[in-house]
Structures are given as structure tokens and as C-alpha cells.
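Descriptive structure summary
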Amino acid sequence: MFTGIIDEVGTVQTVQHSGDNSFIEIKAEKILADVHIGDSIAVNGVCLTVTVFNNNIFRADVMNETLNRSSLGNLKNGSPVNLERAMSANGRFGGHIVSGHIDGTGTISGIKNDGIAIWYTINTQPHIMRYIIEKGSVAIDGISLTVAKVTESSFSVSIIPHTAQQTILSYKKTGDIVNIENDIVGKYVEKLITPNVSRSNISMSFLAENGFI
């Protein structure tokens, strides 16, 4: 489990994609201070497991499912990546609940300055847009952000200079692909209230009749 508050920006050292041996090696500093084999690290929002590490590099295996669902397949040697260690139970919860399981990708369709802030507009698929709400939470490349504007096929976020400086958003340009994870709470709520005869008689009309809507 993660919070979407990025620990540091790392640099891809090696990318190997093959059916039998797909992995990524990333150079980092801060997150390696207390890393262990089997630890989870979010790379651009994708939860990966550390399989090998030394003082400045860690390796993680990457499955075909991960490559198909995310933008990790586009990474090259030298690519900057957002890195976050798994959430500590004894610290402050600064972002929102992020699982590291990507729902899909989007394309940056616009970047514009607005005073000290920078607006990013992301176009994405309907199955992702259905969970995007104004002032709700979304993770873009693992960064916990607040949705500022929503249209039928896109949404926008406005970020402060600190966020741009501490993440890879400052490297992004129009046309780039980003990983998107919807707010996990909304997905669970939808699952629970979706009618399923074999599981429950709960429906939207049932909730309305009993004062929940």
C-alpha cells in the first residue's frame, strides 16, 4: 500500500523485456537505505517487488500483465521514474490510498502555466473516466493528485512547483503516456452496490427506498 507521496526520482539503468526474463534495474539513493529483498516499491505508480539490490541499484521483475497495463514498457535506459516505498504504519498519511495496481494509461493533451501552478490535462479511456470526479483523488505515475476539472473524455490537475520539482512531471510533455490509478474507494463502493442476484439484493432503488440516497 502506498500514499502517492513520491520519495525520490530514480534513473532507469537497464530494461530487459523478454518472455522468460523481463526485469528493470533502477538507480536510486534514498529508498535503498532500508530496502530488503521482497520489499514493494512503486515505480511510476506500479507496485514492483525488489529481487536484487546493492548500494545504489535495485532490480524488479516485470510481468507481461504489468507491461500491458502500464507505461513501463516505454521506459529506456536513462528514463527518470517516480519511486515510493510502501507506506509505513507509524507515519503521517500525506496522500490517499494507492494500491500500486494501475487501471490503465492516459495521454497528456495539454500543459499550461497558471501563476505558480501548472495545469496538466489527461485524455483517457471511458473505464477510467467513470471513476474520475472533480475534487476527487487520482494517482498519475504514482503521484497523489486532486482532480480539478473533468470533461467527458479528459480530466485536469493543477500542481504546485514543489510537486513538479520532486517528481517526473517536470519532464513530461504533451503526447506523453502516464499511468493512472483510480481512487480505490470508489471502485469498491461500485462493486458493493452493483446488483448481483447470487450475492445481494442491494440496488440503487433499494438504497433510495431506505434513505441512503
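Here is a short report on the structure shown in this document. Quick caveat, the model's predicted, so the values are computed rather than measured. (Residues numbered from 1 in each chain as written. Predicted model: local features only at pLDDT ≥ 70, side-chain atom pairs only at ≥ 80, totals over all residues. Heavy atoms only, no water.)

The next thing to look at is the sheet that holds strand 3 (residues 40-43). Pairing is antiparallel around the closed barrel formed by six strands, whose spatial order is 1-2-5-4-3-6. Pairs of neighbouring strands in the sheet enclose a mean axial angle of 45°, with direction left out of account. (Pairing = 2+ DSSP bridges. Helix = DSSP H or I, 4+ residues; strand = E, 2+ residues; numbered from the N terminus. Axes fitted to C-alpha atoms, helices over the stretch in contact; angles between N-to-C directions.)

Attention shifts here to the pattern of salt bridges. With the rule as written, the count across this model stands at eight salt bridges. Ionic pairing is found between R85 and D7, a salt bridge with its closest N-O pair at 3.3 Å. You can see R85 sitting in strand 6 (residues 80-85) and its partner D7 sitting in the segment before strand 1 (8-16), a full 78 residues away along the chain. In this structure, K173 and D176 form a salt bridge, with 3.4 Å as the shortest nitrogen-oxygen distance. With a relative accessible area of 18%, D176 lands in the buried category. The structure contains a network of salt bridges with shared partners spanning D7, D34 and R85. (Salt bridge = Lys/Arg side-chain N within 4 Å of Asp/Glu carboxyl O. Buried < 20%, exposed > 50% of the residue type's maximum accessible area, 1.4 Å probe, protein only.)

The subject of this paragraph is a nonpolar patch on the surface. Together, M1, M87, F93, I97, V185 and V189 make up a nonpolar patch on the protein surface, roughly 500 Å² of accessible area in all. With respect to the helices and strands, the residue I97 is situated in the loop between strand 6 and strand 7 (104-114). Exposure remark for I97: the relative accessible area of 33% places this residue in the partly exposed category. (Patch = residues over 30% accessible without salt bridge, like charges linked within 9 Å, V, L, I, M, F, W, Y side chains within 5 Å. Areas by Shrake-Rupley, 256 points an atom, 1.4 Å probe, with all protein chains shown as cover.)

Turning our attention to the packing of aromatic side chains. For the structure on display, the rule yields zero aromatic pairs. Taking the ring centre of F23 as reference, the NZ or CZ of R59 above it sits at 3.9 Å. We note K112 situated over the ring of W119; from NZ or CZ to the ring centre the distance is 6.0 Å. (Phe/Tyr/Trp six-rings, centres within 6.5 Å; stacked < 30°, edge-to-face > 60°. Lys NZ or Arg CZ within 6 Å of the ring centre and 35° of its normal.)

Now for the nonpolar core. Among the nonpolar cores identified, the biggest contains 21 residues, and I24, I26, I41, V43, F58 and L83 are the most heavily contacted of them. Elements with a contribution of two residues or more to this core: strand 2 (23-27), strand 3, strand 4 (46-53), strand 5 (57-61) and strand 6. With three residues, the single largest contributor to this core is strand 4. Counting residues in each nonpolar core, the second largest holds 20 residues, with M129, L145, V178 and I180 among its members. (Core = buried A, V, L, I, M, F, W, Y, C linked by side-chain atoms within 4.5 Å.)

Alternating residues of strand 5 divide into F58 and A60, all buried, and I57, R59 and D61, none buried. Relative to strand 5, strand 2 runs antiparallel, the two sharing five bridges. Within the sheet, the bridge partner assigned to K27 lies in strand 5 and is I57. Where strand 4 folds back onto strand 5 in an antiparallel hairpin, the turn is made up of three residues.

For residues that are not glycine, phi is negative in most cases, and the peptide bond is trans in most cases. A positive phi is found at N44, a non-glycine position, where the angle reads about 50°. With respect to the helices and strands, N44 occurs in the loop between strand 3 and strand 4. Its identity as a non-glycine residue notwithstanding, K135 has a phi of 70°, on the positive side. As for its position among the elements, K135 is in the loop between helix 2 (126-129) and strand 9 (137-140).

In regular strands, side chains alternate between the two faces of the sheet. Pairing analysis gives four bridges linking strand 9 to strand 10 (residues 143-150), with the strands arranged antiparallel. The residue bridging S137 from the neighbouring strand is T146, located in strand 10. Here strand 9 hands over to strand 10 after two residues, with D141 in that stretch at a positive phi of 50°. Pairing geometry for strand 10 and strand 11 (residues 154-159), over three bridges, is antiparallel. Among the inter-strand pairings, V150 is bridged to a residue of strand 11, identified as F155. Linkage of strand 10 to strand 11, two consecutive antiparallel strands, is achieved through a turn of three residues.

What follows concerns the side chain of T124. Relative to the helices and strands, T124 resides in strand 8 (residues 117-124). On the basis of relative accessibility, which here comes to 12%, the residue T124 falls in the buried class. Non-local contacts of T124, meaning those with residues more than four positions away in its chain, are made with T105, G106, M129, S153, F155 and I180. (Contact = heavy atoms within 4.5 Å.)

On their own, these measurements won't tell you what the molecule is for.
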